[in-house]
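Reading the structure
One-letter residues, chain by chain:
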Amino acid sequence: MIMKKEELKKSKEKIIKHIKENDNFAILISDPDGDAVGSGLAMQEILQKMDKECKLYSSFELPDFTYLPRFGKYIIKDIATIDFTKFNSLIVLDSAHTYRLINKKIHPKGFDLPKDKFVINIDHHLDNSLFGNLNYVPDDPIISSVGEALYDIFHNEVNITSSIATNIFAAIVGDTGCFRYSNTSPSTFIAASKLLKAGSNMRQVIKNTFYNFEEKIVKMNIQAAQKIKIINSGKYKFAYTIINPDEFDLEYASRGQLFIIQEILKSTKGTNFSLKITKLKKDLTKLSFRSHDTAVRKIAKHMGGGGHEEAAGAIVQLPINECLKKLTKFLKTAKLTKLF
Ligand SMILES: [Mn+2]
């Protein structure tokens, strides 16, 4: 889906107008990463600054982001079971599709937002289905994060307090890998600079995002790193490792705690991308692609998933060896975009 500059400008004005004219909002986030969690907290404070009532929901237990200002404001509740009657509008953050708001294991048929509610959809995933009554999903140029989108939309509307600034800064740092990924643009740096001036606690954000893993997690990552293998399909080369539930505590592994191994895999010289394979069940495999070299969204799409050019994934109904076969077959003829 494409939303160009002009369309975004109009959308931004309509979002602000809609918020001013309504009183009671629910904010809904999807996978609780730094961007979603920080953006949710910032969005809630922004609405409160505009004198609005608002509740903040996640269907998923949150990772330890306790250092973020106002972290305790989250209500953890299965979004599919919320009674939305009292809310005028729903604001959905960082979610390409509405089914991403809920746990698919509990609701295998997916999930739709109530039809009688006004929905504002603010996101930055290229495959966003533009499900909102109002959408803000920049595609041209793409933006780094929902945090950056919130900065763009609201920085002239409310006073950016140090807590809003820290939450948005954490969102941007999380999704840009601290300004390293190609989603980092001149406007990302401008937003970051303004947020620092507004009192965002950069040191706390960086320390807590990158240097705050429990010993158990660090050891798990080292264990995964020792099993790195390389596959060369002829045209493309990638490094991968397998996360097996017999060896790893998947409760931990699934919560983004294997960030370090992703970085190590990606650093392997001569490879085009990296792949973290998680064995969910015998015939159910999770693939997480990362890249500093070659766009991986097309690969993830071929495997039945999606995502960004540098970070994409898929959950495949196949055992690991079949997944790898399908993947290497695809790579023999695939035409993938060179990123850098
Ligand atoms: Mn995001």
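Note that this is a predicted model, so its numbers are computed, not measured.

**Let's talk about the overall build of the chain**
The helix and strand tally for the chain stands at eleven helices and twelve strands. Relative to its length of 340 residues, the chain is compact, with a C-alpha radius of gyration of 20 Å against a globular reference of 20 Å. On the principal axes, the C-alpha backbone points of the chain span a range of 55 × 45 × 40 Å. Burial status across the chain gives 43% buried among its 340 residues. Expressed as a percentage of contacts within the chain between residues at least 6 apart in sequence, the contacts between residues at least 24 apart total 68%.

**A closer look at the packing of helix H4 (residues 162-176) against helix H5 (residues 186-197)**
In the contact formed by H4 and H5, the axes pass within 9 Å of each other and the chain directions differ by 145 degrees. Remark: the crossing between H4 and H5 carries left-handed chirality. Across the interface between the two elements, Ala 165, Ile 168, Phe 169, Ile 172 and Thr 176 from H4 touch Thr 188, Ala 191, Ala 192 and Leu 195 from H5. Grouping the amino acids of the contact of H4 with H5 by side-chain chemistry returns seven nonpolar, two polar and no charged.

**Examining the pairing of strand S10 (residues 284-290)**
Within S10, five of the seven residues are buried, which leaves the element mostly enclosed by the surrounding structure. As paired strands, strand S9 (residues 273-281) and S10 are joined by seven bridges and run antiparallel to one another. In the strand pairing of S10, Lys 281 is matched with Leu 284. Two elements, S10 and strand S12 (residues 311-316), share six bridges in a ladder whose sense is antiparallel.

**What to know about H5**
Relative to the 16 Å expected for twelve residues at 1.5 Å per residue, H5 spans 17 Å between its end C-alpha atoms, a close match to the ideal helical length. Inspection of H5 places Thr 188, Ala 191, Ala 192 and Leu 195 among the buried residues, and these make up the whole buried set. End-on, the buried residues of H5 take up no more than an arc of 100 degrees, which puts them together on one face. The exposed residues of H5 that point more than 90 degrees off its buried face are Pro 186, Ser 193 and Lys 197.

**Topic: unusual backbone geometry**
For residues other than glycine, phi is negative in most cases, and the peptide bonds are mostly trans. Backbone geometry places Asp 94, a non-glycine residue, at a positive phi of 60 degrees. By the element assignment, Asp 94 lies in the loop between strand S4 (89-93) and strand S5 (118-122).

**A closer look at the domain arrangement of the chain**
One can read the domain layout of the chain as domain 1 (5-210) and domain 2 (215-331). The gap between the C-alpha centroids of domain 1 and domain 2 is 27 Å. Contact with domain 1, which involves six residues of that partner, is made by five residues of domain 2.

Cut-off values and rules
Residues numbered from 1 in each chain as written. Predicted model: local features only at pLDDT ≥ 70, side-chain atom pairs only at ≥ 80, totals over all residues. Helix = DSSP H or I, 4+ residues; strand = E, 2+ residues; numbered from the N terminus. Rg over C-alpha atoms; globule rule 2.2 N^0.38 Å. Buried ≥ 20, exposed ≤ 12 C-beta atoms within 10 Å, placed from the backbone. Contact = placed C-beta atoms within 7 Å. Axes fitted to C-alpha atoms, helices over the stretch in contact; angles between N-to-C directions. Left-handed = near helix turned anticlockwise from the far one by under 90°. Nonpolar A, V, L, I, M, F, W, Y, C, P; charged D, E, K, R; others polar. Pairing = 2+ DSSP bridges. Expected span 1.5 Å × (residues − 1). Arc of directions from axis to C-beta. Domains from an automatic or database assignment.

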